[in-house]
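Now for the letters of each chain:
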Amino acid sequence: MRKKIIIILGIALMIIFATGITYSIFNSNASLTTTNQNIAKFIFDVEEENNINLPLQNLIPGESEEYLFKVSSTSSDVSSDVNISYQIIIKTYHFIPLDIKLYQEIDGDKVLVLTCDETYSRNDGNELVCNTPENELMYGEDYTHDYNLEVSFPAEYNDESYIGLVDYLNLEIKSWQTL
Amino acid sequence: MIIMKDLKDLINKIFLNRKISLGLISLALVLMLSILIPTLANFVKEDVYLETEVWDGVLATSYKSGSGTYDDPYLISTGGELAYFSYKLEETDYQDTYFKISNNIILNNGSLRYNPDLGIEYILDGQTYYVEYYTNKYYETPEKTGTEVGTINIFPGFKNFAGNLDGETHTIYGLYITDSTKTELSTFEKIEGNISNLFFKNTLVYGGNNASGLVAAAEDAIFNNIIFDGYVASKKEPNLEDVSGDFIIDNINVVNYEVINNIIIPEIASYAENFVTAKITGDYEIIGDVDATTIKINDVLLTNNSFDISLEDLDNIQIKTYTSSLEPTEISLSNLRYELTLNNSQVSGIIGNAKNTTIDNMVNLANIYGSHISSALVGVASGNLEIKRSYNRGNINSEFLASGLIGSIETGELTLENVFNTGIISSPNSFGLIGKVNTAAINITNSFDGTETNLIPSVKAANIIVNNSYTTNAENIDERFIYLSTPELKDSEFLINTLDFKKYLNEEEFILDNSLIWSYEEEEFPVNIYDKILSKIIRLQVGNLGFKDYFTSVSNKIIKSNITYSLEETKAFDSIIKKEIYLSSESTVLTKEELNNIEDWVVYDEISQIAEEGQYIIYVKVTNYKNEISYLNSDILILDLTSPLLTLSSSISTWETFNEEPGSIYLDDTLEVKIETSDDLSGIGFIKYLISTDPYSISELDLLNEELWNDYQDKIIISELGKYIVYAKSVDNAGNISYLNTSYFDYMGYQVEKTYVGLKENSDYDGLPVYITSDSIFTFRLGFEEETEKQENITHSLVSNFLLPVGTEIKLLDNITSKAYRYEIITSDDDYNFNNSCEEDETCKKKAAYPFILFEEIGKHDRPLYVEDNYYSNGVQKEDFTVIIDFSKVVNTENYSNAEVYIEMYEEDLLIRSTIKNTLTKINIYHTLEQEPVKAKISLIADNTQNEINLNTNSTTVIDLTSSLNYQRYNEFKIIDTKYEDSKVGFKLRFVDSDNNLISKEYLKNVAFVVDDVNHFMAEDNHLTISGNYFPGSTNKSLKIITYEGDSGLAEGLYYFKISSFKSLGRYIDNLSDVQEISIPVRVSKANYNKFYTLDMDLNVINKNNQEEIVSFKLNESEDLPLPQIRAELYEKSVLSAYDQTYNIVDLQDYVNNELSSLGNNSYLISSIDDFALNFIPNKLNNNGYQLIFHLYDGDIKIDTIKKHFIVR
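Our subject in this report is the structure included herewith. (Residues numbered from 1 in each chain as written. Chains lettered and ligands numbered in written order. Predicted model: local features only at pLDDT ≥ 70, side-chain atom pairs only at ≥ 80, totals over all residues. Heavy atoms only, no water.)

Another aspect to go through is the sheet that holds strand E54 (residues 608-610) of chain B. Residues and elements named next belong to chain B. The antiparallel open sheet is built from four strands, whose spatial order is E49-E48-E51-E54. Across the chains shown, the open sheet's two edge strands, defined by having one partner strand only, are strand E49 (545-547) and E54. Put simply, the sheet's adjacent strands are angled 25° from each other on average, direction ignored. Bridge analysis of strand E48 (residues 538-542) against E49 gives three bridges, and the strand direction is antiparallel. In the sheet register, Leu 540 faces E49, and the bridge partner there is Phe 547. (Pairing = 2+ DSSP bridges. Helix = DSSP H or I, 4+ residues; strand = E, 2+ residues; numbered from the N terminus. Axes fitted to C-alpha atoms, helices over the stretch in contact; angles between N-to-C directions.)

This part is about the pattern of salt bridges. All names here are of chain B. On inspection of all chains with the given rule, the structure shows 52 salt bridges over all chains. Across the pair Lys 1001 and Glu 1020 runs a salt bridge, and its minimum N-O distance is 3.3 Å. Within this pair, whereas Lys 1001 is found in the loop between strand E89 (984-993) and strand E90 (1007-1011), its partner Glu 1020 is found in the loop between strand E91 (1014-1016) and strand E92 (1024-1030), the two being separated by 19 residues in sequence. Lys 1001 gets classed as partly exposed once you look at its relative accessible area, which sits at 28%. With a relative accessible area of 69%, Glu 1020 lands in the exposed category. (Salt bridge = Lys/Arg side-chain N within 4 Å of Asp/Glu carboxyl O. Buried < 20%, exposed > 50% of the residue type's maximum accessible area, 1.4 Å probe, protein only.)

The next subject is the interface of chain B and chain A. Of the residues lining the interface, 18 residues belong to chain B; the matching set on chain A comes to 23 residues. When residues of chain B are sorted by the area they lose upon contact with chain A, Leu 1136, Tyr 1139 and Arg 1209 of chain B head the list and together hold 34% of the total. There are one salt bridge connecting chain B and chain A. We note a salt bridge from Glu 127 of chain A to Arg 1209 of chain B, for which the minimum N-O separation is 3.4 Å. In this structure, the connection of chain B to chain A is made through 10 residue pairs in polar contact (both at pLDDT 80 or more). With five residues, the top contributor of residues to the side of chain B that touches chain A is strand E106 (residues 1197-1208) of chain B. Here the residues of the side of chain B that touches chain A are counted per class, giving eight nonpolar, seven polar and three charged. (Contact = heavy atoms within 4.5 Å. Buried area = accessible area lost by both parts, 1.4 Å probe. Polar contact = N/O pair within 3.5 Å; in protein donor to acceptor, adjacent residues only side chain to side chain. Nonpolar A, V, L, I, M, F, W, Y, C, P; charged D, E, K, R; others polar.)

Now for the state of the cysteines. What the rule picks out here adds up to two disulfides over all chains. A sulfur-sulfur distance of 1.8 Å marks the disulfide that ties Cys 116 of chain A to Cys 130 of chain A. Judged by the torsion about the S-S bond (65°), the Cys 116 of chain A/Cys 130 of chain A disulfide is right-handed. With a gap of 14 residues between them, Cys 116 of chain A in strand E6 (residues 109-116) and Cys 130 of chain A in strand E7 (residues 128-131) connect regions that are remote in the sequence. Note that Cys 838 of chain B is cross-linked by a disulfide to Cys 844 of chain B, the S-S spacing being 1.7 Å. Classification of the bridge connecting Cys 838 of chain B and Cys 844 of chain B rests on its S-S torsion, roughly -55°, and on that basis the disulfide is left-handed. On the basis of relative accessibility, which here comes to 13%, the residue Cys 838 of chain B falls in the buried class. Residue classification places Cys 844 of chain B among the partly exposed positions, given a relative accessible area of 28%. (Disulfide = S-S within 2.5 Å.)

Residue and element names in this part refer to chain B. For strand E86 (residues 955-966) and strand E93 (residues 1035-1043), the ladder comprises nine bridges, and the chain directions are antiparallel. Pairing of Thr 956 across the sheet is with Ile 1042, part of E93. For E90 and E93, the ladder comprises five bridges, and the chain directions are antiparallel. Bridge pairing links Val 1010 to Lys 1040 in E93.

Moving on, we get to the environment of Tyr 866 of chain B. Residues and elements named next belong to chain B. Here Tyr 866 is to be found in the loop between strand E75 (856-857) and strand E76 (872-873). Take Tyr 866: its relative accessible area is 4%, and that puts it in the buried class. Counting along the chain gives 47 residues from Tyr 866 to Lys 819, while the straight-line C-alpha distance between them is 9.4 Å. For Tyr 866, the contacting residues outside a window of four places in its chain are His 796, Asp 814, Tyr 821, Phe 852, Ile 853, Phe 855, Tyr 871 and Phe 881.

Given 3.6 residues per turn, any residue in an α-helix points the same way as the ones three and four places further on. All names here are of chain B. The element helix H3 (residues 79-88) is extensively covered by neighbouring structure, given that nine of its 10 residues are classed as buried. Residues of H3 that are buried: Gly 79, Gly 80, Glu 81, Leu 82, Ala 83, Tyr 84, Phe 85, Ser 86 and Lys 88. Among the structural elements, strand E1 (74-76), strand E2 (98-101), strand E3 (105-106), strand E9 (158-161), strand E10 (164-173) and strand E13 (188-191) are those in contact with the buried residues of H3.

Here we have six strands laid out as an open sheet, ordered E12-E15-E27-E30-E34-E39 (chain B), and parallel in their pairing. The sheet is open, and its two borders are formed by strand E12 (184-185) and strand E39 (429-431) of chain B, each paired with just one other strand.

Let us now look at the nonpolar core. Across soluble globular proteins, nonpolar side chains have a tendency to be buried as a group. Counting residues in each nonpolar core, the largest one holds 73 residues, and the members touching the most others are Phe 85, Phe 188 and Phe 223 of chain B. Listed in part, the 51 residues of the second largest apolar core include Leu 804, Phe 855, Tyr 871 and Ile 885 of chain B. (Core = buried A, V, L, I, M, F, W, Y, C linked by side-chain atoms within 4.5 Å.)

Turning next to the environment of Trp 55 of chain B. All names here are of chain B. With respect to the helices and strands, Trp 55 occurs in the loop between helix H2 (18-36) and E1. Taking the relative accessible area as the measure of exposure, Trp 55 reaches 8% and is therefore buried. Sequence separation between Trp 55 and Ile 105 is 50 residues; the distance between their C-alpha atoms is 7.8 Å. The residues contacting Trp 55, other than those within four sequence positions of it, are Gly 79, Gly 80, Ala 83, Ile 106, Leu 107, Asn 153, Ile 154, Phe 155 and Pro 156.

Residues and elements named next belong to chain B. In this structure the tally under the stated criterion is 80 aromatic pairs over all chains. On the numbers, 5.2 Å between centres and 50° between planes, the contact of Phe 155 with Phe 158 is tilted. For Phe 155, a relative accessible area of 2% translates into the label buried. Feature note: the residues Trp 55, Tyr 63, Tyr 74, Tyr 84, Phe 85, Tyr 87, Tyr 94, Phe 99, Phe 155, Phe 158, Phe 161 and Phe 188 constitute an aromatic cluster, connected by ring pairs. Lying over the aromatic face of Tyr 231, Lys 626 brings its terminal NZ or CZ to 5.9 Å of the ring centre. Its guanidinium or amino end placed over the ring of Tyr 1193, Arg 1127 lies 3.7 Å from that ring's centre, counting from NZ or CZ. (Phe/Tyr/Trp six-rings, centres within 6.5 Å; stacked < 30°, edge-to-face > 60°. Lys NZ or Arg CZ within 6 Å of the ring centre and 35° of its normal.)

Bringing a negative patch on the surface into the picture now. A cluster of acidic residues, Glu 522, Glu 523, Glu 586, Glu 593 and Glu 594 of chain B, forms a negative patch at the surface. For Glu 522 of chain B, the location among the structural elements is in the loop between strand E46 (518-519) and strand E47 (527-528). (Patch = residues over 30% accessible without salt bridge, like charges linked within 9 Å, V, L, I, M, F, W, Y side chains within 5 Å. Areas by Shrake-Rupley, 256 points an atom, 1.4 Å probe, with all protein chains shown as cover. Lys, Arg positive; Asp, Glu negative; His and termini not counted. Charge placed at Lys NZ, Arg CZ, Asp CG, Glu CD.)

The two faces of the sheet receive side chains in turn, since in a regular strand these alternate between them. All names here are of chain B. A large share of strand E4 (residues 111-115) lies buried, amounting to four of its five residues. Pairing analysis gives five bridges linking E4 to strand E5 (residues 119-124), with the strands arranged antiparallel. When the bridges of E5 are listed, Arg 113 appears paired with Glu 121. Connecting the antiparallel pair E4 and E5 is a turn made up of three residues.

Across the chain, the bulk of peptide bonds are trans and the bulk of non-glycine residues have phi less than zero. Going from Phe 1031 of chain B to Pro 1032 of chain B, the amide bond is cis rather than trans, its omega being 0°. Topologically, Pro 1032 of chain B is positioned in the loop between E92 and E93. Backbone geometry at Asp 107 of chain A places phi at a positive 50°, although glycine is not the residue there. With respect to the helices, strands and loops of the structure, Asp 107 of chain A is situated in the loop between strand E5 (99-106) and E6. In the Ramachandran plot, Tyr 134 of chain B falls in the positive-phi region, its phi being about 65° despite a non-glycine side chain. With respect to the helices and strands, the residue Tyr 134 of chain B is situated in the loop between strand E6 (127-131) and strand E7 (137-139). When its relative accessible area of 27% is taken as the criterion, Tyr 134 of chain B is described as partly exposed.

Moving on, we get to the side chain of Lys 320 of chain B. Residues and elements named next belong to chain B. If you trace the backbone, Lys 320 turns up in strand E25 (residues 318-323). Polar side-chain contacts of Lys 320 include one of 2.7 Å to the side chain of Asp 299. Excluding its chain neighbours within four sequence positions, the residues that come into contact with Lys 320 are Glu 258, Val 259, Ile 260, Thr 294, Ile 295, Lys 296 and Asp 299.

Residues and elements named next belong to chain B. Mapped onto the elements, Gln 1125 comes out in strand E100 (residues 1124-1133). For Gln 1125 and Asp 1196, which are 71 residues apart along the polypeptide, the C-alpha to C-alpha distance reads 8.9 Å. Other than its neighbours up to four places away in sequence, Gln 1125 contacts Leu 1165, Ile 1169, His 1191, Leu 1192, Tyr 1193 and Gly 1195. Looking at Gln 1125, its side chain comes within polar contact range of the side chain of Arg 1127, at 2.9 Å.

Dropping the structure here:
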């Protein structure tokens, strides 16, 4: 029974982490206005979805978007009984001058984990690759780590050349067991 | 009384105080010593006339003073005291006793001369007498017969002297020593002491077998600074010594062939060089066949058994024997005897025999005559002898051997340093330094002979070392000496630097270093400073200038009055045979050789004068009693008695004579006056000038304060208005003065107050040269105000330096009378006397004159002509005119540079006032430049004129208009076109079709024109007018053309708004001015492009892994376009960054499967309009961002541009 549980948890983690690539494409039809934008929140529940299409549209200078997601070692059916380490990787062309910041919510506080900007290196596919530090989910507890990805389009980039740009944002989670 | 008492008390106190009294005594002693002790500062007793009396032949009874100690030497000051010295030496040699000669001593007042042919001569007061040998009697004739004319003093001479005698640079004149009985004759018989600083002149020592000037024998003696001049001669017939003796020769065997044997007589070997006659005598016998035997002595055949043979060579006596007999034959000689007559005569200038003696600064000037060996300084040297800085200048004569310094030296050590001979050596055997050397050790350093004579004989036995010593004998160079030519050896630099003959500089330097004794004169060997001073017996006196030397570095001495010169004898008792003068006008000094060749010397007999102007060098030729010739000369004496030549000149006149009542010259311009002056003789000292309003006479100028005069540089400029005379003063270097004056310069006239282009003053042109176009206008105002006498019959003319072209309008505004006149040039004929205005004067500048009386008054119906006016009121003449020169009506013209127009005033055709030239502005008038007309051009610049305006749509077009005036330029100067003066720029807008037909404003009801935010409307002439700024300033206007949607009623097509700028005449264009125009295209269309076109794109991320990605597009709202068309272009992002949004165009066809219709430049026509798709080939695209640009056209009309982005990943 114990072995079954371990196998199930392993499969779940494989499903969740190894293949859990979610990407969001946002098509920003920026206008030259600087109207204050409302901040929308989206739940990115890695326990539920493998692929999520985020309904991003019309991100314009001065606007921000916020993406919420969780990293968890539990599912409704199975739980892990070993410690899990993971790392979040953000990939983007960064053709739109977006500020991309990743926060982790710990005890109600937002802790900045990563600012993804052009100081990071690009890979062979010309993608800008931003890696978070490694994090760990402890065994035996029903742990969930809450993250908040904030994407903002600074208002000063309101020139005609920034209208209609296309870009993407990709989140990848790498995980492995730790003894 | 009280004062006397105080003084006595003071003296008593002083003497009671021992310290004070000792101090005073010491001070007194120092003062006394400083007065009494002679200094070297007066060692050169130059130009001191002898004050002592001639010795009367009486013996003094004591010395002048002294006790003979070092500190209190015996002083000898007269001939009598000198004779007393001689008398005392009969009984003592004065060993360690000190003597000084405190004055020049004259023993005889005439000059004694020895002539080998005529005997002793006595020259007294220019007369030559003849002295009987060995007596004091002199006669008128050489035969010395009859009664003697007079007697001279024979000095007895001195015995042995072992003391110290310091002559203190005094001279003993006329010493005459003679004795028929003595074998050794000299002034001193022997000296074993010291003699110094003693000079002898006019000395004669005659007699004896051996004669010497100063001393017969010197041993352990020191001589320093001795000069001996005169004659030293031994007896004319020397005493001969007979020497005879017997000698023996062994028998001689005679054989049957000739045998030669030498007869050796050892007893006569030492007489080989000084025998006069020699012979041998004896008997002989032939033992054997007498007839067959012969015997010869010195080739004289002996006969009769005895012989008497004269000998010429004591070293070579030959006896030859021969017999034809075969029998043994022998010759026996008996009674053999030699008999010799010897000449041991030795004559020396100063010392006969010198042994262990030191000589420094000894000079022989005496002429020496001897029969055997003659020399200048020393006859026979032995022991240690050192001679330094000594020389001979006398003539040394001998019948056998003569030498410049030393006659002979047998043994001992001789040191010669800085010694030389320049006296003439006349003898069968002549040597410059030493005549005869045996085995002595000789060291010669820095010495030379200057007479082309070998210095010493070649003697192998002697040890002779020669250092740095020179010979001038080029024919037979003694290799021990270095050859130099006489001129080379006379070179002072060489002698100073190479031979260490240190130049005398001054007394102070000489006191510090007594080797600085050598004096140099051009072309001569050096002499010591005492010798030089003693030899300068004549001084040429020119005024207060004295000359005693021959010198070539002459300077100019300028003399203003007659040159008076005289010859002064600086030393008495030096008989001068002849004094001659030669005047040369050459500026360079004649050489002595040239002077020698001059034949027309004039005997000087009295003070003379040169009264003729010129430059002179006075040469003096002096022949002394020894027939020695010397020269001296003056500086260049410039006698300048006349004043300098003086000329004043200017461009209008020249002045050469002083005018006490100068005339007047009118000036209308500044004037340069130049002073030219020259003085051929003394040259110009200085030039001054004075500009004065007052006239002066020459005598008044002489009295003027010197400070009023100005130093003249190169010109005088008359630049201030007024009436002046220029005075010039030239002073030559002799002080002669010349004055000169000009005429009065009357520098007055009209002054142009202002010149300007156009009709009004315009500050834009201030300070700039005036350049105008040939149809422009220029104006000037000028006036004149002067207190003067009333002038009648005056006329005025306008004057120009070129002929004003036809059509020129001249306006004359008389600002005094407030009247205006005009005159127009109506003919090109020379009615204004331009071409004939300068018929004769080549420097004259042509001018045309337009008399005022030609001018018509403006504003009067009958147009009266100008009436001449003298403008005189209350003692003042005042005129004020404004002149306008208007070329606007001139048709044919040319360019004029530096044109001048001004006013002149005449009094009965005589110019009395013109316009001051430096107030005139030169006008440059240009019609063409490089054959192109010179006109100002209006420029019109507008932006935003390329975009079409769609008339029936809603649109706003803003156009910025800028109009300005561009003058042409000559170099950097604008050529002003005064047509534009006082006028504004204007803009006009009109609407025309493509054929430039004017369209009525009715068709522009949907158009609004806003200029600088103010609505403007077209006038009835269908033009819209906008007013601008005054020229030449530029005008900027913002024109906003607003169109509104709606049908204007015009046919479709292309139209234009045309905007022009121009010189405005109110609402109208000045047709004479330049007009510039721009066009703005206007599109009239029935279509409504004023819609919002969008293009939907269904995919903006292309998956690079797919084979094909079809991207669909849909254009909205295109149904209303009659001829819709889409042109597509693909761009790829150039930089992988969000912060650089630049894209580069790529060829769309390379990335899609669609067959596209190319429009060139990577632009493609999309065939379908509403819905179309592009089939991308993903693997040809890069992982990058792309941009598609779609241009929407309606036919040729571009309606809109739509950009769509996508990425590839």
